[in-house]
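Close look at the chain arrangement
Listed below are the residues making up each chain.
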Amino acid sequence: MVEIELDGQKVSVQEGSMVMHAAEKAGTYIPHFCYHKKLSIAANCRMCLVDVEKAPKPMPACATPVTQGMIVRTKSDKAIKAQQGVMEFLLINHPLDCPICDQGGECQLQDLAVGYGASKSRYTEEKRVVFHKNVGPLISMEEMSRCIHCTRCVRFGQEIAGVMELGMAHRGEHSEIQTFVGRTVDSELSGNMIDICPVGALTSKPFRYSARTWELSRRKSVSPHDSTGANLVVQVKNHQVMRVVPLENDDVNECWIADRDRFSYEALNSDARLTAPMIKQGGAWKQVDWTTALEYVANGLKSIKRDHGAAAIGALGSAHSTVEELHLLSAIVRGLGSDNIDHRLRHSDFGNAAAAGEARWLGLPIAKLSELDRALVIGSNLRKDHPLFAARLRFAARRGAAVHRVGVNNDDWLMPLGAGISAAPSAWVQTLADVAAAIGVGAPLAGTATDEAKAIATSLASGASKAILLGNAAAEHPQAASLLALANWIGQQTGATVGYLTEAANTVGAQLVKAQPVSGGLNAGQMLNGSALKAVVLLNTDPVLDSANAAAAAKTLDAAEMVVVLSPFKTGIEYADVLLPIAPFTETSGSFVNAEGRLQSFVGVVRPLAETRPAWKVLRVLGNLLGLEGFNQDSSEQVREQALSGDLSARLNNATTAAPVAGARGAGVERFGNLPIYVSDALVRHSTSLQLTTDGREAVTVGLPKSLWQQLGLSDGDLVRVVQDGGAAQLPARLEAGLPDGVARVPAGLPQTAALGAVFGTVSVSKV
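Quick summary incoming for the structure in this document. Treat the numbers as computed from the prediction; the structure is a model and nothing was measured.

Before going further, it helps to examine the state of the cysteines. The final tally for this structure, using the stated rule, is zero disulfides. The thiol sulfur of C147 is not disulfide-bonded, and the nearest other cysteine sulfur, from C153, lies at 6.4 Å. By relative accessible area, which is 14% here, C147 ends up buried. The thiol of C255 is not disulfide-bonded; the next cysteine sulfur, from C150, is found 14 Å away.

Have a look at this one:
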């Protein structure tokens, strides 16, 4: 530790710290623009100049290392005059357009100009003009004349997002922040550049000119998308969500959020919202009141139970639903005498489950991902599935960690990577067996120690902190239990923790509240693959887009006598008999349990739209109408207390007794049904801006390996016809050189591929 004197106060800080860090510890504010605690030090704005005793001139606090006995004055005349001089230079070319600037009212430059700016400018020449740039549907760069060249956005891209999409061209007052040769900004974390821009140069395109900051009320919430459980501040005007920004929580999301966390709010105000209960009569939809709709559902369920037995009733709930909603859905199904309840619609191996009431989880705290020395990621497109987890592993990789992967191809994760193995999904088990063989004797499945396997094994054997992380595709794999068994064995031999990245906001919570069969009921795969269910209740999900076999799900739902859909959107018009409008996360209270097992509760930030009602209230009333016990809760807090009690950490379990079995490859081209980032749930599917991004537009393409590409004689932009289980899809093709031979990446979760079968099945591909 080094002790310095700061404005007469003794402060002790770590050796190697800067004066700015000492000031932060002491609670002393030093004006700055380019400095950001999560980014590297640039020292190019010079606004943080301070008076250091014995220094010949003012020194930048962000880039001046502390020394023992150093005396620093931040409020002396020397420091103040230096800061005023810097402010005058910053304002020379800055346009005087604060009244029309979207940053007005929350602008760092505006705030500091009040304290350090002069009442008028001595500069009478023409101000410089920087022409606007179009960098995509999310970020507006239409007033780049406001830019003060702090380079926060550039450093964020390089260090956090992992890709330098913005850079500074030219020199002096001709400097400009711009993209390379006019490209768009496509990072899945790009919206954070808006937050860290200290002026109005980078603003939110969807939010632009829709409200002033002082008109907005700010309320805390939790992201309903991936398993990070990012903390949010939802900003509201006139009972309408206008903007979403991050709430800092170093243990979860630091001060960042992914673009789908930030911009999916557009769906909340879209025309796709379901605003009143509806019943299908004579093939036509009729709007009814809540009493009529719920009585119709209750009478229908009672009738089907009487005529066909309780086993003819099933329910499927999305893991993007809250703990409270899934608990009550499970209670209704089991209260009727059925155990046909599940949230694992995309899974193929239902034998890979923790004991009833326990849950698969990350295996370590989220914050520890940044501190890993070694990591092996299995079956994940990390950047798109878990953008904030990818940012933490990227940080670890930049400080020397070795990150390895086993997956279907070599997607660019924008970080330094160690040895990796690309293999067809059917070969993943054997690939892990090869890594196990390279570690030593006693592996549970015979393998061959290939060079790549040896490199991964040697790396995992070293390092102090290490983890084996199974991604979404590994959890949904037909041999998920074998993958987990091998991962656990490798972890035991190398001292690595083993865990699942987990697919949705409440995947862990869904397991904890037993939203899956516990006493012989049908799982999601059985319910959606030709079962004889007569009544199906769907909570916040569309199985045609959200299941492992879209075609089979559609046939099953068409054959059912009654399908009840609880959704915020007009979902399931084709197969549903009843549509009940339920509130999205901003209009209801509830809880999610994230990947690390952290329970996070939130409340509604706006009132429900039109006739929309919170799902937990709808399910509670439905339970009463069915005459079931245990449906007398007055608040979501009471439901949560019933659903989850005691120490949750004691119920997190990744152990398995399964014996791994090698996979067999079927005839034909093997399909890998990846889930594109902006079709992961209903909210992002209905967000216009997210669908206009490069990720959104390019989701509907088939990726083919070089061998198949050449065999079919394809060129860029050609269409291919994909046929599977009697269904067909015609889609644009693109060359993916990293794909193994005989594998086609055919995306799931899209209407264009809903006629196809299993996401891990076989397909035939031909040129159109």
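Back to the text.
Further remarks concern the nonpolar core. Of all hydrophobic cores here, the largest spans 73 residues; its most connected members are F33, M47, I139, F156, L166 and L202. At five residues, helix α4 (residues 152-161) tops the list of elements feeding residues into this core. The residues touching I139, leaving out its near neighbours within four places in the chain, are V185, S190, M193, I194, L202, T203 and K205. In terms of nonpolar packing, the next biggest core, distinct from the first, is built from 50 residues, V288, A293, L628 and F631 among them.

What follows covers the pattern of salt bridges. Tallied over the entire structure, the rule returns 35 salt bridges. E143 is the salt-bridge partner of R208, the closest N and O atoms lying 2.9 Å from each other. Within this pair, whereas R208 is found in the loop between β10 (203-204) and β11 (217-222), its partner E143 is found in the loop between β7 (139-141) and α4, the two being separated by 65 residues in sequence. Take R208 and E143: they sit in the same class, and that class is buried. Residue E736 is joined to R745 by a salt bridge in which the shortest nitrogen-to-oxygen separation is 3.0 Å. A single salt-bridge network, built from bridges that share partners, covers D97, E142, E143, R146 and R208.

Here S223 is to be found in the loop between β11 and β12 (231-237). Non-local contacts of S223, meaning those with residues more than four positions away in its chain, are made with G229, A230, L232, D261, A505 and F592.

Looking now at the sheet that holds strand β22 (residues 497-500). Strand order in the open sheet formed by five strands is β20-β19-β18-β21-β22, with parallel pairing between adjacent strands. Strand pairing shows two members of the sheet lacking a second neighbour, β20 (420-422) and β22, which therefore form its edges. Each adjacent strand pair in this sheet contributes to an overall mean axis angle of 15°, direction not counted. Note that strand β21 (residues 466-470) and β22 share four bridges and pair parallel. Bridge pairing links L469 to G499 in β22. The strands touched by helix α11 (residues 428-439) are β18 (374-378), β19 (402-407) and β20; relative to β19, the strand with the most contacts, the crossing angle is about 140°.

A few words now on the packing of α4 against helix α10 (residues 387-398). The angle between the axes and the distance between the axes are what describe a pair of packed helices. Look at α4 against α10: their axes get within 8 Å of each other, and the N-to-C directions meet at 85°. One element, α4, and the other, α10, form an angle in the roughly perpendicular class. Across the interface between the two elements, E159, I160 and A161 of α4 pack against A391, R394 and R398 of α10.

Cut-offs and rules
Residues numbered from 1 in each chain as written. Predicted model: local features only at pLDDT ≥ 70, side-chain atom pairs only at ≥ 80, totals over all residues. Heavy atoms only, no water. Disulfide = S-S within 2.5 Å. Buried < 20%, exposed > 50% of the residue type's maximum accessible area, 1.4 Å probe, protein only. Core = buried A, V, L, I, M, F, W, Y, C linked by side-chain atoms within 4.5 Å. Helix = DSSP H or I, 4+ residues; strand = E, 2+ residues; numbered from the N terminus. Contact = heavy atoms within 4.5 Å. Salt bridge = Lys/Arg side-chain N within 4 Å of Asp/Glu carboxyl O. Pairing = 2+ DSSP bridges. Axes fitted to C-alpha atoms, helices over the stretch in contact; angles between N-to-C directions. Parallel < 35°, antiparallel > 145°, perpendicular 65-115°, else oblique.

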